[in-house]
Amino acid sequence: AQAAAGGAARFSAAAPEERRRRVAPLPAAAPPAEAGEEPLLRGIFEISKRSCDVVLSARRLRWSPILPESPTGDSSTVLQAQEEIIEMKDVFSVKLKRRRFAGQKNGGALLGITIFKCLNKEGNKLTDCAVHLNNLSEDHCQSWFRHLKEILNGFQNRPKSLKVFVNPSSHKREAAHVYYEQVAPLFRLADIKTDVTVTEYEGHALAVLKECELQAFDGVVCVGGDGSVSEVAHGLLLRAQIDAGKDTDYIPTPVRAPVPLGVIPAGTTNILAHTLYGIKHAVTATLHIVMGHIQPVDVCTFSTPSKLLRFGFSAMFGFGARTLALAEKHRWMPSSQRKDFAFIKTLADLKPEECELSFLPLQIPQEDSRENDRITLLYLGSKDQWHKIQGHFLNVSIMAIPCLCSMAPRGLAPNTRLNNGSMALILVQNTSRTEFIKHLKRYASVKNQFNFPFVETYTVQEVKVQPRPKNGLDAKENTHLNPASAEGNYPWNIDGDLIKEASEVHIRVHPQLINLYGVDTDDLESSQATCNCI
């Protein structure tokens, strides 16, 4: 009888023994309700095998068990019912619960309502959980269901339709399994419609994005590694420039991407996912998308004097790029072995690149006051105040985001943020292999990886990198390690994607050019990931 009760009025008309069970009286003078706290519905449901008094407002769903009145009439002996609360902003789906027989797809006896919410766990991980509100009254449940759906539909940024790209070749060819087993069920549960493209070749996602009707979707999702995500992000932003009628060979002031981008980690490297979620976890990434958690993120343009190369978030020239180039030559090897082989081989043949760097600083000189931290050089730069450095560098990193990963829990560029309108320029000058390895090891620890005399860091808004071609014996040695140099091209690692370019590369940062599903890295718990690969 309790489970079938249809609200307070129906409860009052129940059997005599049920009428004798009373709800504990409310305080005589309750404080005025806050905005969004005014009760919309109140009724009785069975929750966890107990009859509960349930109240719904625009902000919360709260309930407490119904306790019988003391047989002696002594109200002081009545146990206080502990109220439980669900914040409606944490709810992502509500369904009518029915009993169905095997093979039955429609209809069935109504059992109540099931509410699905997003639950925060330790280590930045999100998971979903269900709360069952049991009541056999069709009218009662339908009324509650309509009100709950109206509240959920009122939340901004929650997608209703998504374009999904799945790279089946990512990592151990697990992207398709990750999507269909872990991601797609949550999208269906949240009533999100999807249009899925399983990419068949490099550049497939870019070709689709140039032609598809983006206005039909609330967002785009990529299931894969950093290379796949980089291609989709580039495609989204390139499509925005085309739609705006801009010259795609020269884009000094690009327009923003039309829809947000979601990243489901399923690759060998997942730096962007780590930076957005603090963890490589497909369900966590999916729930951030479902809940509509959006962060505006800075994006860089990588250009030569004659054309746009790429939109991207980070790049490496030198050691980081040559390691990627060598790994790409050995695609026949398993991904983990290929990465380790390329790293060790490039480290064994460690060579500096000679180049000229020009950069436009962002701010005034400032010294980091933390103990044992190296001074970070910042400048107040006018539009024409370029600074030049020429020399031999083992690695040059240009990053608009912190680039968190398992190897660098604090980030490859821990002093930058997702959307502070600047880039971190990190220069590692020529030094011994032993000292360079010490520098690399620092990334996996809590110590400052920049506290070396051969490492310089700058906060900048523009950078130009002009490689100097090698001559004579040095050129022959470099050709053995890096065949691209023999063709006059130098490898660049842009978001895990290999790009070879011979001429000067000009990098500009564009504040908040794209929205990504995720959270601010400052709000994440400190990562406990470590790496023992060095």
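Residues numbered from 1 in each chain as written. Predicted model: local features only at pLDDT ≥ 70, side-chain atom pairs only at ≥ 80, totals over all residues. Heavy atoms only, no water.

## Quick word on the overall build of the protein
Thinking step 1. Secondary structure summary: the protein contains 13 helices and 21 strands in total.
Thinking step 2. For the protein, buried positions account for 50% of its 534 residues.
Thinking step 3. Counting contacts in the protein only where the partners sit at least 6 residues apart, residues at least 24 apart contribute 70% of the total.
Thinking step 4. When the accessible surface of the protein is summed, it comes to about 25800 Å², and 49% of that surface belongs to carbon and sulfur atoms. (Helix = DSSP H or I, 4+ residues; strand = E, 2+ residues; numbered from the N terminus. Buried < 20%, exposed > 50% of the residue type's maximum accessible area, 1.4 Å probe, protein only. Contact = heavy atoms within 4.5 Å. Areas by Shrake-Rupley, 256 points an atom, 1.4 Å probe, with all protein chains shown as cover.)

## Focus on the pattern of salt bridges
Thinking step 1. One pass over the full model with this rule turns up 17 salt bridges.
Thinking step 2. For Arg98, the salt bridge identified is with Glu138, shortest N-O distance 3.1 Å. Of this pair, Arg98 sits in strand β5 (residues 91-99) while Glu138 sits in helix α3 (residues 138-153), and the two are 40 residues apart along the sequence.
Thinking step 3. For Arg98, a relative accessible area of 25% translates into the label partly exposed.
Thinking step 4. Residue Glu138 is classed as partly exposed on the basis of its relative accessible area of 34%.
Thinking step 5. With a closest N to O distance of 3.2 Å, Glu435 and Lys438 form a salt bridge. Taken together, the residues Glu435 and Lys438, both in helix α11 (residues 433-442) and three residues apart, mark about one turn of the helix.
Thinking step 6. Relative accessible area serves as the criterion here: at 44%, Lys438 is assigned to the partly exposed category.
Thinking step 7. Via salt bridges that share partners, Glu37, Arg59, Arg60 and Glu87 belong to a single interconnected network. (Salt bridge = Lys/Arg side-chain N within 4 Å of Asp/Glu carboxyl O.)

## Re the pairing of strand β20 (residues 497-501)
Thinking step 1. Along β20, the buried face is formed by Asp497, Ile499 and Glu501; none of Leu498 and Lys500, which line the opposite face, is buried.
Thinking step 2. Looking at chain direction, strand β19 (residues 490-494) and β20 are connected through five bridges and run antiparallel. Bridge assignment links Trp492 to a residue of β20, and that residue is Ile499.
Thinking step 3. Linking β19 to β20, which pair antiparallel, is a turn of two residues; within it Asp495 sits at a positive phi near 55 degrees. (Pairing = 2+ DSSP bridges.)

## What to know about the packing of aromatic side chains
A ring pair, where both rings are aromatic, is described by two values, the distance of the centres and the angle of the planes.
Thinking step 1. Enumeration according to the criterion identifies ten aromatic pairs in this entry.
Thinking step 2. Ring centres of Phe319 and Phe343 lie 5.7 Å apart, and the angle between their planes is 85 degrees; this geometry places the pair in the edge-to-face category. Placement of Phe319 in helix α9 (residues 319-329) and of Phe343 in helix α10 (residues 335-348) is noted, with a sequence separation of 24 residues between them. Taken individually, Phe319 and Phe343 each receive the classification buried, so the pair is uniform in this respect.
Thinking step 3. Taken together, the ring pairs connect Tyr179, Tyr180 and Phe187 into an aromatic cluster. (Phe/Tyr/Trp six-rings, centres within 6.5 Å; stacked < 30°, edge-to-face > 60°.)

## Quick notes on the confidence of the model for the protein
Thinking step 1. With 80% of its residues at a pLDDT of 70 or more, the protein shows a mean pLDDT of 83.
Thinking step 2. Note that pLDDT drops below 50 for residues 1-31; the model gives that stretch 39 contacts with residues more than four away or on any other chain. (pLDDT = per-residue confidence, 0-100.)

## Regarding the nonpolar core
Thinking step 1. Of all hydrophobic cores here, the largest spans 84 residues; its most connected members are Phe92, Phe187, Val223, Leu261, Ile264, Phe313 and Ile514.
Thinking step 2. With residues near it in sequence (within four places) discarded, Leu261 still touches Val220, Cys222, Val229, Val232, Ala233, Leu236, Ile514, Asn515, Leu516 and Tyr517.
Thinking step 3. Core analysis: the next-biggest nonpolar cluster, separate from the first, contains 27 residues, Phe317, Cys355, Met423 and Tyr490 among them. (Core = buried A, V, L, I, M, F, W, Y, C linked by side-chain atoms within 4.5 Å.)

## With respect to the packing of helix α5 (residues 204-211) against helix α6 (residues 226-243)
Thinking step 1. Running from amino to carboxyl end, α5 crosses α6 at an angle of 25 degrees, the nearest separation of the two axes being 9 Å. Between α5 and α6, the angle is such that the two are roughly parallel. Both α5 and α6 take part in a crossing whose hand is right-handed. Between α5, through His204, Ala205, Leu206, Leu209, Lys210 and Glu211, and α6, the contact on the second element is made entirely by Glu231, Val232, His234, Gly235, Leu236, Leu238 and Arg239.
Thinking step 2. Split by residue class, the contact of α5 with α6 holds six nonpolar, three polar and four charged. (Axes fitted to C-alpha atoms, helices over the stretch in contact; angles between N-to-C directions. Parallel < 35°, antiparallel > 145°, perpendicular 65-115°, else oblique. Left-handed = near helix turned anticlockwise from the far one by under 90°. Nonpolar A, V, L, I, M, F, W, Y, C, P; charged D, E, K, R; others polar.)

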